[in-house]
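# Remarks on the overall topology
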Amino acid sequence: MFPGFANPLLLAGAALIAIPILIHLLNKRRFRTVEWAAMEFLLQAEHKNRRRIQVENVLLLILRCLLVALIVAAVARPQVRKGSLLSIAAGATPTDRVVVWDDSLSTGHVSGSGTCLDAMRDDLLRILPHFETDWRSDALTLVRTSKPTVPDYFRFAPRGAHRRDAEARIRQAAPTARSANLVACLESVRERVSGGAQVPKALYLLSDFRATDFAAAGAGSGLEIVLDKLAKEGWGITFLDRGADDVENTGIVALEPEEKLLVANAPVRFSARVRNFGDQPVGPIEISFKTSEGVVPAAAIPSIPARGEAFRSATLLFSSPGSAWVEATASADRLAGDNARAVAFTVTSGLPVLLVNGEPKAEAFGDETAFLAFSLAPPGAVVSGFKPQVVLDRALHPGSFEGFPVVILANVERLPEDVLAALERHVSEGAGLVVFPGTRTDVDSYRAEWFKAGKGLLPVPPIEARSAPREAPARLSPDGIDPRGVLRVFEGSDNPSVRTLQIGRWLALEEPAKDAGVEILARLQTPAREPFLARKAFGKGRVWFFSISADRDGSNWPTLPSYLATLFPLVEDAGSRAEASRNLAPGAPLVVTYPAAKCERRIQIRPPGKNALVEIDGAAVEGTALYRAEFADTENPGVYTVVLKEHERGETFQHFTVNPEPDEGDLRRIPHSELERRLPAVKGIQWVRDVDDLFRASAPEASEIWRTLMHLFLLLLAIEALLAWRFGRGA
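This section reports on the structure supplied with the text.

### Considering the overall build of the chain
Scanning the chain from terminus to terminus reveals 15 helices and 36 strands. Long-range contacts, defined here as pairs at least 24 residues apart, represent 73% of the contacts in the chain between residues at least 6 apart. Total accessible area on the chain is roughly 35300 Å²; 55% of this is exposed by carbon and sulfur atoms.

Shown next as structure tokens:
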């Protein structure tokens with residue numbers, strides 16, 4: 001309770017307590033007995049008051065002795081242990097202790113007898129008892145990096161039963177698939193804790209301190225800014241490094257089909273990319289493939305050089321259309337979390353493409369979408385892999401786009417407000433949109449309603465319709481065309497596809513701002529070099545905007561081979577983002593939309609590695625005939641199966657996957673000196689490698705109470721004076 005005194009020799013002054021006692025005794029001896037007849041009448045009253053006077057004298061004596069003892073104790077400056085009951089008398093201020101706990105995938109790396117997360121879990125279990133001893137008056141805030149805005153505990157007192165509950169919860173924690181977003185976590189902690197009472201604050205970061213988690217750290221970086229703010233606000237900052245020195249690891253960092261369009265009963269090749277994160281060659285590494293229809297025997301990669309990569313492929317066949325998945329698994333090593341990777345996709349008998357006709361005509365190939373429909377699904381036995389469906393623009397309604405990963409608008413004048421809003425929502429959820437203008441295009445409507453000053457669907461706004469004389473048509477410029485992009489057929493300076501394309505009329509497109517996030521994929525060979533094709537991302541989907549029409553009204557393109565050579569990769573690319581919405585980052589919400597007329601409202605979701613189904617009720621999407629359900633618990637990697645119950649067909653399935661970031665398997669650690677060099681503005685960070693050092697690095701364990709003793713002395717002095725006056729009058 002008392003670690004000691006600052007001035008222990010001054011305790012000898014306790015002998016001064018004898019002074020009030022001597023004065024009391026001397027006062028008793030100085031009275032002399034004098035016989036006086038009149039006093040005999042007062043003897044009876046004196047006998048009655050003697051006991052009271054004796055008690056009063058003893059009380060005053062005790063108070064005076066205590067006053068001397070308090071003076072001596074205050075001068076000796078006693079200290080009390082923080083967290084003890086007497087620390088309240090010392091005016092000890094409670095401390096907000098914030099523990100940020102890294103539970104990213106890399107903390108599952110096994111080193112020695114356990115994982116990095118096991119070591120941090122043990123550290124936390126050793127920290128908690130201190131909140132019942134030397135940290136008794138302090139509060140705990142515990143935050144995991146996987147949930148930076150949702151603390152496990154906030155200003156929590158882990159004592160008694162509460163401590164046992166916290167210990168049970170900590171023991172159940174496991175590595176997640178997320179990377180450690182330290183900036184977001186520290187910002188959230190600062191906003192929550194700094195806004196409370198003005199008390200001392202201490203931050204403890206428990207992590208494996210991987211170099212990739214601090215790759216963006218540097219002068220002026222988000223990490224330096226938030227740490228600098230904490231330091232300037234008086235936070236004590238301690239880094240508890242629990243990373244292992246053994247950083248050898250291999251992991252699957254990518255799994256992709258070589259074709260963007262997967263058709264039932266057509267073989268497709270999947271390729272798994274395996275990376276060696278270590279400094280030594282490794283091998284052999286066995287890679288096995290499992291699909292929604294079966295298992296493919298494992299094949300070995302003989303060896304992978306240090307810091308190198310290798311590929312293992314498998315040719316797979318899917319017997320029927322519908323949702324499917326493939327998972328590749330590597331042979332076990334010390335970090336299990338990156339040994340598997342999955343991808344979900346839709347196997348189709350043909351990719352559904354919605355062709356919106358803005359100008360129907362009776363004559364053959366005079367119709368606005370005739371060339372599009374013919375090119376995507378030519379007659380005969382040849383299977384193109386596309387299923388175009390034509391609808392007139394005036395027949396559109398908000399539910400028209402459901403089930404079509406690709407929508408092509410051809411010479412559409414304008415769209416009703418509710419239809420345009422539904423199209424925006426459809427594209428933002430992952431669909432691809434291709435816009436071809438025409439003679440009916442309303443430039444003002446496109447600018448105001450479709451472009452919306454950069455916030456709408458169109459990448460750039462149109463300016464006006466322009467034309468070139470027949471003898472001098474405009475042509476496409478081959479400069480800057482991506483040899484792997486959708487216009488690759490036009491790449492090259494002496495390209496016959498460029499020479500044969502003649503453009504007589506086009507819609508001039510405005511040049512995008514540099515920071516608008518718009519790509520100009522090709523330009524015209526005109527004096528102004530107007531954009532020929534512009535593209536931008538819109539939510540999870542993308543939008544392509546051509547400057548010429550999809551029919552022969554303005555160019556000869558639909559009659560040329562380059563039309564088909566462009567249309568196929570364009571539609572494949574436009575439909576690929578819809579599949580991307582099925583492959584999620586850890587923690588991203590799993591969103592399912594499904595037709596209300598065909599399906600029950602309630603759906604079921606089976607997370608990876610679990611047999612129990614989670615039931616969710618979808619919500620009606622305003623203005624459509626759709627339900628929308630969202631599942632937020634996507635922390636664990638693997639395949640998530642969604643069970644839909646259709647009224648006619650019964651149960652149908654959709655699949656989603658969650659995969660960790662590819663660099664989570666890179667276990668190289670950042671040296672302490674290197675991190676300090678990158679964060680020059682942050683001063684006073686203390687590094688510890690053992691949890692016992694954490695307590696020594698924390699606030700002092702003892703507090704002095706001499707000020708409190710002096711306050712008590714003054715109080716007792718006032719009481720003694722008051723009682724002496726009161727007793728004197730009573731006598």
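### Points about the packing of aromatic side chains
According to the stated counting rule, one finds 21 aromatic pairs in the structure shown. Centre to centre, the rings of tyrosine 446 and tryptophan 450 are 4.1 Å apart; their planes meet at 10 degrees, and the pair counts as stacked. On the criterion of helical spacing, the pair formed by tyrosine 446 and tryptophan 450 is a turn pair, its members being four residues apart in helix H10 (residues 443-451). Tyrosine 446 gets classed as buried once you look at its relative accessible area, which sits at 0%.

### So, empty space enclosed by the protein
One pass over the full model with this rule turns up two cavities of 30 Å³ or more. Each pocket or cavity is described by its volume, and for the largest cavity that value is around 120 Å³. Forming the boundary of the largest cavity are 13 residues, of which Glu402, Ala422, Arg425, His426 and Leu626 lie nearest the centre. Secondary-structure elements contributing two or more residues to the lining of the largest cavity are helix H9 (417-428) and strand S32 (626-631). It is H9 that contributes the most residues to the lining of the largest cavity, three residues altogether. Grouping the amino acids of the lining of the largest cavity by side-chain chemistry returns five nonpolar, four polar and four charged.

### Digging into the environment of threonine 212
Checked against the element boundaries, threonine 212 lands in the loop between strand S8 (201-207) and helix H7 (222-232). Expressed as a C-alpha distance, the spacing of threonine 212 and serine 179, which sit 33 residues apart in the sequence, is 9.5 Å. For threonine 212, the contacting residues outside a window of four places in its chain are Asp663 and Asp666. A polar contact is formed between the side chain of threonine 212 and the side chain of arginine 210, at a distance of 2.8 Å.

### Observations concerning helix H4 (residues 116-127)
What sets the pattern is the α-helix's 3.6 residues per turn: residues three or four places apart point alike. The end-to-end C-alpha distance of H4, which contains 12 residues, comes to 17 Å, matching closely the 16 Å that a straight helix rising 1.5 Å per residue would cover. A large share of H4 lies buried, amounting to nine of its 12 residues. Among the residues making up H4, those that are buried are Cys116, Leu117, Ala119, Met120, Arg121, Asp123, Leu124, Leu125 and Ile127.

### Thoughts on unusual backbone geometry
With the exception of glycine, most residues fall at negative phi, and the peptide bonds are largely trans. Here glycine 283 and proline 284 are connected by a cis peptide whose omega angle stands at -5 degrees. Mapped onto the secondary structure, proline 284 falls in the loop between strand S11 (268-276) and strand S12 (285-291). The phi dihedral of asparagine 411 is positive, around 55 degrees, even though this residue is not glycine. Its place among the elements puts asparagine 411 in the loop between strand S19 (406-410) and H9.

### Overview of the side chain of serine 323
Among the structural elements, serine 323 can be located in strand S15 (residues 322-330). Polar side-chain contacts of serine 323 include one of 2.8 Å to the backbone nitrogen of histidine 655.

### With respect to the pattern of salt bridges
If charged atoms from side chains of opposite charge come close, those side chains can pair. With the rule as written, the count across this model stands at 45 salt bridges. Here glutamate 519 makes a salt bridge to arginine 535, at a shortest N to O gap of 2.9 Å. Here glutamate 519 is found in strand S24 (residues 518-524), whereas its partner arginine 535 is found in strand S25 (residues 531-538), with 16 residues between them in sequence. Overall, the relative accessible area of 39% leaves glutamate 519 in the partly exposed class.

Rules of the game
Residues numbered from 1 in each chain as written. Predicted model: local features only at pLDDT ≥ 70, side-chain atom pairs only at ≥ 80, totals over all residues. Heavy atoms only, no water. Helix = DSSP H or I, 4+ residues; strand = E, 2+ residues; numbered from the N terminus. Contact = heavy atoms within 4.5 Å. Areas by Shrake-Rupley, 256 points an atom, 1.4 Å probe, with all protein chains shown as cover. Phe/Tyr/Trp six-rings, centres within 6.5 Å; stacked < 30°, edge-to-face > 60°. Buried < 20%, exposed > 50% of the residue type's maximum accessible area, 1.4 Å probe, protein only. 1 Å grid on protein atoms, 1.4 Å probe; cavity = no way out; pocket = protein on both sides within 12 Å on 5 of 7 lines; lining within 4 Å. Points joined across faces, edges and corners; volume = space filled by probe spheres on them. Nonpolar A, V, L, I, M, F, W, Y, C, P; charged D, E, K, R; others polar. Polar contact = N/O pair within 3.5 Å; in protein donor to acceptor, adjacent residues only side chain to side chain. Expected span 1.5 Å × (residues − 1). Salt bridge = Lys/Arg side-chain N within 4 Å of Asp/Glu carboxyl O.

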